[in-house]
Amino acid sequence: MWQITIVLVLYLPLVLIAGRYLYKVTMKEKMWGDGFFNRVENIIYKLSAIKQEEMTGKQYIFSLLFSNAVMIAIGYFILRIQSVLFLNPNDIGNMETTLSFNTIISFMTNTNLQHYSGESGLSYLSQMLVIIFMMFTSAASGYAVCMAFCRRLIAKTDVLGNFYVDFVRVITRILLPLSFVVSLFLVSQGVPQTFKENITLTTIEHKQQDIAFGPIAAMESIKHLGTNGGGFNGANSSTPFENPTVLSNIVEMLSMMLLPGACVVTLGLMIAYRKNRDKKVLIGKQGASIFIAMSVIFLIGVAVVYLSEKSGNPAIHAIGIDDQTGNMEGKETRFGIAQSSLFTAVTTAFTTGTVNNMHDTLTPLGGLVPLFNMMLNVVFGGKGVGLMNMMMYVLLTIFIACLMIGRTPQFLGKKIEAKEMKLIALCILIHPTIILSFSALAVITAGGVEGITNPGAHGLSQVLYEFASSSANNGSGFEGLADNSTFWNVTTGLAMFFGRYTSIVLQIAIASLLAKKLVHNESVGTLNTSNATFTVFLVAIVLVVGALTFLPSLALGPITEFLQLNS
């Protein structure tokens, strides 16, 4: 347990520091390095003809969708002709049509679901110009929208900022500097960063084996900092070339956790400074309430997956084998149960998708945790989207609590009325609708059934996991599916697209509606949304709504498998 505790203790001061820095970047306050960054950004604005003007909600969303669409088109074209381009020392062929569609949607939506193996499916040029590039731009798009959403909640005007300015500032002031530092550290641990071609070696069994090289360290840093998750190699961060040591494993986990948690801190500071600008706070009461609620759900998940994996496989125990180490199937011995369990919870709670162990080999309850994390999609989440999703539950909790006690529901002095609640309900329902609808389609159509290689309850878990990962923009998989087919490429591509952009549009609309309302002064009758009682109620609402929505499907999948294994 010390291995888990140390990581979490290190995380707290780092996230507070990162949150304050992100606040200054978001609110354009004076900060260290302004002289250098302003020059670089002004050059970018000039070359790109960016007008630094305030945008309305419609303009902001249009800019997001337009820029993302252009990058999708260019990236798709590169994947389709990569065989004739340069930086292809391993002679990788062009990517197939439906796989190219799936891949480009995957990386532009910050999902990074991979129906291919990176070392054999992409040239070095595609890895850098498409994959790494989109890891920066998709993460920056998400964080820009999240910060605009937060500003909008506390705004008194009909503007959100400028998407292109937010987009550039996130990359130049946050993602690039942090990625550079993390890349250097990973190189020091043994992660390759080279353009050399693959090396073919003869093993001790006299077999031929390809050792994949490439610009791996550059991808690994932004992969985790941007909560992307796509691996340079097919086995992702379980391979020694992507994650060689315990130290690299810890740094990769902290990288995943840093910016999603910082978004919560930033929102807390915005709200605290809105009420009292001169007051020095670490996170603010409202931010602390949301942060604690997320942390409680996260820690419950960590405990369940760790204890489940530590207890081992009942089928192994039943045949008389005393399994002292726990369930080590699919795990690296250099990480063990503790760091594998924590990594599993982190990568799905913070919706990154990178893996240092094979989730398909987790025990039923161990596999239920990452699946449920993605189904909730509010436990910190990634690229700012997790905070926006949690705010929908915050507003829902306020509405329900005020109905119970006979008070007017309001947040930051602004009333939550019927129009906002309809959009909030729609926003909460979109995610499970995508997961369950596509899962149902997969088990009743020939194209879907052909990809299911594991019969019974575990096979259903694989299907649920695939679409939960797609809709939550996570990208990890149980990896038991034969998913590189027209059916799976198209359906998961659609799930990723709608899971990403539909929620964002609705959330910006909700924030805009609230921002236009009159601000009412707080009184004795106003519901306190920053105390322990509200935090407990918020956790209960999230878990109850998640359980009621997904319990029937979970009962047929991991819960049935657990009962069968222990019978």
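Cut-offs used in this document
Residues numbered from 1 in each chain as written. Predicted model: local features only at pLDDT ≥ 70, side-chain atom pairs only at ≥ 80, totals over all residues. Heavy atoms only, no water. Helix = DSSP H or I, 4+ residues; strand = E, 2+ residues; numbered from the N terminus. Rg over C-alpha atoms; globule rule 2.2 N^0.38 Å. Contact = heavy atoms within 4.5 Å. 1 Å grid on protein atoms, 1.4 Å probe; cavity = no way out; pocket = protein on both sides within 12 Å on 5 of 7 lines; lining within 4 Å. Points joined across faces, edges and corners; volume = space filled by probe spheres on them. Nonpolar A, V, L, I, M, F, W, Y, C, P; charged D, E, K, R; others polar. Buried < 20%, exposed > 50% of the residue type's maximum accessible area, 1.4 Å probe, protein only. pLDDT = per-residue confidence, 0-100. Pairing = 2+ DSSP bridges. Salt bridge = Lys/Arg side-chain N within 4 Å of Asp/Glu carboxyl O. Phe/Tyr/Trp six-rings, centres within 6.5 Å; stacked < 30°, edge-to-face > 60°. Axes fitted to C-alpha atoms, helices over the stretch in contact; angles between N-to-C directions. Parallel < 35°, antiparallel > 145°, perpendicular 65-115°, else oblique. Left-handed = near helix turned anticlockwise from the far one by under 90°.

Visitor: What should I look at first to understand the overall build of the protein chain in this one?
Guide: For the protein chain, the count of helices and strands is 19 helices and 4 strands. Against the 2.2 N^0.38 benchmark of 24 Å for 567 residues, the protein chain shows a C-alpha radius of gyration of 23 Å, consistent with a compact globule. Dimensions of the protein chain along its principal axes, counting C-alpha atoms only, are 75 × 60 × 45 Å. Within the protein chain, residue pairs in contact and separated by at least 24 positions form 77% of the contacts whose partners lie at least 6 positions apart.

Visitor: Just to check I follow, could you spell out the layout of surface pockets for this structure?
Guide: Of the voids in this model, the largest pocket is the one considered here, and its volume is about 550 Å³. Of all the secondary-structure elements, those providing two or more residues to the lining of the largest pocket are α1 (2-27), α2 (34-48), α7 (163-189) and α9 (246-275). Broken down by element, the residue count for the lining of the largest pocket peaks at 7 residues, all from α7. A breakdown of the residues in the lining of the largest pocket according to their chemical character gives 19 nonpolar, 2 polar and 1 charged.

Visitor: Could you clarify how one ought to interpret unusual backbone geometry in this entry?
Guide: Trans peptide bonds make up most of the peptide bonds, and negative phi angles are found at most residues other than glycine. Notably, D91 is not glycine yet its phi reads approximately 55°, a positive angle. By the secondary structure assignment, D91 is in the loop between α3 (57-80) and α4 (97-108). Phi is positive for H206, close to 65°, though the residue is something other than glycine. Mapped onto the fold, H206 is located in the loop between β1 (199-202) and β2 (208-211). According to the relative accessible area criterion, H206 is exposed, its value standing at 68%.

Visitor: Which parts of the structure should I look at to understand the confidence of the model for the protein chain?
Guide: Low pLDDT means the predicted atomic positions in that stretch should not be read closely. Summary statistics for the protein chain give a mean pLDDT of 91 and a share of 98% for residues scoring 70 or more. When pLDDT is averaged over each helix and strand of the protein chain, the minimum, 81, is found for helix α11 (residues 314-318) and the maximum, 96, for α7.

Visitor: Can you walk me through empty space enclosed by the protein in this structure?
Guide: Where empty space is left can be seen by rolling a probe of water-molecule size over the atoms. What the rule picks out here adds up to 3 cavities of 30 Å³ or more. The space that makes up the largest cavity amounts to roughly 250 Å³. Forming the boundary of the largest cavity are 24 residues, of which L376, N389, C427, I428 and H431 lie nearest the centre. Counting only elements with at least two residues in the lining of the largest cavity, the list comes to α13 (364-376), α14 (385-405), α15 (418-444), α18 (486-515) and α19 (532-566). If you tally residues by element for the lining of the largest cavity, the top one is α15, at 5 residues. Residue classes in the lining of the largest cavity are distributed as 13 nonpolar, 10 polar and 1 charged.

Visitor: I'm lost on the side chain of E41 in this one. Help?
Guide: Structurally, E41 can be placed in helix α2. By relative accessible area, E41 is classed as buried at 2%. Discounting residues that sit within four places of it in the chain, E41 has contacts with V168, R169, T172 and R173.

Visitor: Quick question: what am I supposed to make of the pairing of β2 here?
Guide: Within a regular beta strand, the side chains point alternately toward one face of the sheet and then the other, so they alternate between its two faces. In this sheet, β2 lies alongside β1 in antiparallel orientation, the contact comprising 4 bridges. In the strand pairing of β2, I199 is matched with I211. If you look at the hairpin formed by β1 and β2, you'll find 5 residues sitting between the two strands, and H206 has a positive phi there, around 65°.

Visitor: Any chance you could explain the pattern of salt bridges here in plain terms?
Guide: Side-chain pairs of opposite charge can arise whenever the charged atoms involved come near each other. For the structure on display, the rule yields 10 salt bridges. Between R173 and D34 there is a salt bridge whose closest N-O contact spans 2.8 Å. Here R173, found in helix α7, pairs with D34, found in helix α2; they are 139 residues apart in sequence, far enough to count as distant. Here the two residues R173 and D34 agree in accessibility, since each one is buried. Across the salt bridge formed by R173 and E41, the nearest N and O atoms sit 2.7 Å from each other. Placement of R173 in helix α7 and of E41 in helix α2 is noted, with a sequence separation of 132 residues between them.

Visitor: Could you clarify how one ought to interpret the packing of aromatic side chains in this entry?
Guide: In this description, a pair of aromatic rings is defined by centroid distance and the angle of the planes. Going through the model one piece at a time under the given rule, you end up with 18 aromatic pairs. Measuring from ring centre to ring centre gives 5.7 Å for F213 and F241, while their planes differ by 25°; the resulting arrangement is stacked. With a gap of 28 residues between them, F213 in the loop between β2 and α8 (216-225) and F241 in the loop between α8 and α9 connect regions that are remote in the sequence. F213 sits in the buried class, given a relative accessible area of 18%. Here F497 and Y501 contribute two aromatic rings whose centre-to-centre distance is 5.1 Å and whose plane-to-plane angle is 55°, an arrangement assigned as tilted.

Visitor: Would you mind showing me how to read the packing of α3 against α18 here?
Guide: For any two helices packed against each other, the geometry comes down to the angle between their axes and how far apart the axes lie. One way to put it is that α3 packs onto α18 with a least axis distance of 10 Å and a crossing angle of 165°. Our classification of the angle between α3 and α18 gives roughly antiparallel. Classified by chirality, the crossing of α18 by α3 is right-handed. Together, G57, I61, L64, L65 and N68 of α3 and Y501, I504, V505 and I508 of α18 make up the contact between the two elements. Its residues placed into classes, the contact of α3 with α18 shows 7 nonpolar, 2 polar and no charged.

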